[in-house]
Structures are given as C-alpha cells and as structure tokens.
Amino acid sequence: MEALERLMTEINQRKITPKTGSYTNYLFDKGQDKILKKIGEEATEVVIAAKNNDKPEILLEVADLMYHVMVLLAEKDITLAELEAELQSREGKLSKTTDRKEIKTL
Ligand SMILES: N=c1c2ncn([C@@H]3O[C@H](COP(=O)(O)OP(=O)(O)OP(=O)(O)O)[C@@H](O)[C@H]3O)c2ncn1[C@@H]1O[C@H](COP(=O)(O)O)[C@@H](O)[C@H]1O
C-alpha cells in the first residue's frame, strides 16, 4: 500500500528531522513506554469498535493502531521492507491448527 509507505517515510523523516508540533516527535520524545501504551490503548479501541459492529469506527481505530505500530517500527529501526520479508516468508505455509492439542481447563 503506497499510503503506508508514504506514512512510514514521513515517520522516519520526523525521527531524523524533528518538526515543531509533530505528534510523532511527541511520541519519540516520550519514548518507548509511551508508544507501547498507545498501542495498547488503540488495540483496545479496535476491539470495542469491532464488538459494536461499527465499520467506520473500526477503520478509524485500525488506522490509529497501524500508525502507532509504525512509530514503534521506526523507534526500533525496523523497515517496512523487513516486515514485508517476514510476511512473504509465511506465504503458502499451512498453519497447523489441526495438530494443536486441546487446552484443558479445570
Ligand atoms: N497517521 C497519523 C496519526 N494517527 C493517529 N495520530 C494521532 O494519535 C493520537 C491518538 O489520539 P488519542 O486521543 O488517543 O491521543 P491524544 O490524547 O491526542 O494523545 P496522548 O496524550 O494520549 O498521547 C491523536 O493525537 C492523533 O492525531 C496520528 N498522528 C499523525 N499521523 C500521521 O503522521 C504523519 C506525521 O504527523 P506529525 O508527526 O503530527 O507531523 C502525518 O502524515 C500524520 O497524518
């Protein structure tokens, strides 16, 4: 998705050249714990939007979550190319759900 690549470029650019008033720089300045906290919050908001069956809200919250995950990738110097390689390495592989043992509870 070109929009994702453009956003990642912009986020990485903020890291190299901070911009006054930038929310991305606010996150980088606050540091890892703040970024992780936002990811947790946004993930919860995705869950609530989905439970409410609210498609516009799901889209909005997933976009928020993806942005914050991308800020984390930038914080850790992980590129979209590396993410793509990871996803590509999984292509065509079968998941082994049928082999999984049942988890027994009391
Ligand atoms: N895609 C996003 C994006 N998605 C979500 N957000 C911000 O994430 C925040 C999430 O909202 P919340 O209410 O949960 O958080 P908040 O109360 O504002 O902030 P906290 O005090 O909780 O951290 C909002 O401030 C949104 O503006 C984003 N901020 C920036 N971008 C893009 O990142 C690029 C760089 O933006 P700047 O860094 O602001 O220049 C631009 O293309 C922007 O469109």
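Residues numbered from 1 in each chain as written. Predicted model: local features only at pLDDT ≥ 70, side-chain atom pairs only at ≥ 80, totals over all residues. Heavy atoms only, no water.

- The name that an unreviewed UniProt entry assigns to the chain is Phosphoribosyl-ATP pyrophosphatase, with the source organism given as Brochothrix thermosphacta.
- Regarding the chain, the UniProt comment filed under Sequence similarities (unreviewed entry) reads as follows: "Belongs to the PRA-PH family."
- Per UniProt, the chain carries the Pathway (unreviewed entry) text "Amino-acid biosynthesis; L-histidine biosynthesis; L-histidine from 5-phospho-alpha-D-ribose 1-diphosphate: step 2/9." (UniProt positions renumbered as here; feature names shortened; annotations may be inferred.)

## Here's the deal with the packing of aromatic side chains
- If you walk through the whole model with that rule in mind, you get two aromatic pairs.
- Seen from their ring centres, tyrosine 23 and tyrosine 26 are 5.3 Å apart, and the 35° between their planes marks the pair as tilted. With a gap of three residues between them, tyrosine 23 and tyrosine 26 both fall in helix H2 (residues 23-30), about one helical turn apart.
- Each ring, one from tyrosine 23 and one from tyrosine 67, has its centre 6.2 Å from the other, and the planes form 35°; the classification is tilted. With tyrosine 23 in helix H2 and tyrosine 67 in helix H4 (residues 55-75), the pair connects residues that are 44 residues apart, well separated along the chain.
- Residue classification places tyrosine 23 among the partly exposed positions, given a relative accessible area of 36%. (Phe/Tyr/Trp six-rings, centres within 6.5 Å; stacked < 30°, edge-to-face > 60°. Helix = DSSP H or I, 4+ residues; strand = E, 2+ residues; numbered from the N terminus. Buried < 20%, exposed > 50% of the residue type's maximum accessible area, 1.4 Å probe, protein only.)

## A short note on unusual backbone geometry
- In the Ramachandran plot, asparagine 53 falls in the positive-phi region, its phi being about 55° despite a non-glycine side chain.
- For asparagine 53, the location among the structural elements is in the loop between helix H3 (32-51) and H4.
- We note that aspartate 77 has phi near 55°; this positive angle belongs to a residue other than glycine.
- Relative to the helices and strands, aspartate 77 resides in the loop between H4 and helix H5 (80-90).

## Let's talk about the UniProt feature "coiled-coil region" (unreviewed entry) in the chain
- Within this numbering scheme, the UniProt entry marks residues 73-100 as carrying the feature "coiled-coil region" (unreviewed entry).
- Annotated as residues 73-100, this span is 50% helix and 0% strand, and its ends, taken at the C-alpha atoms, are 31 Å apart.

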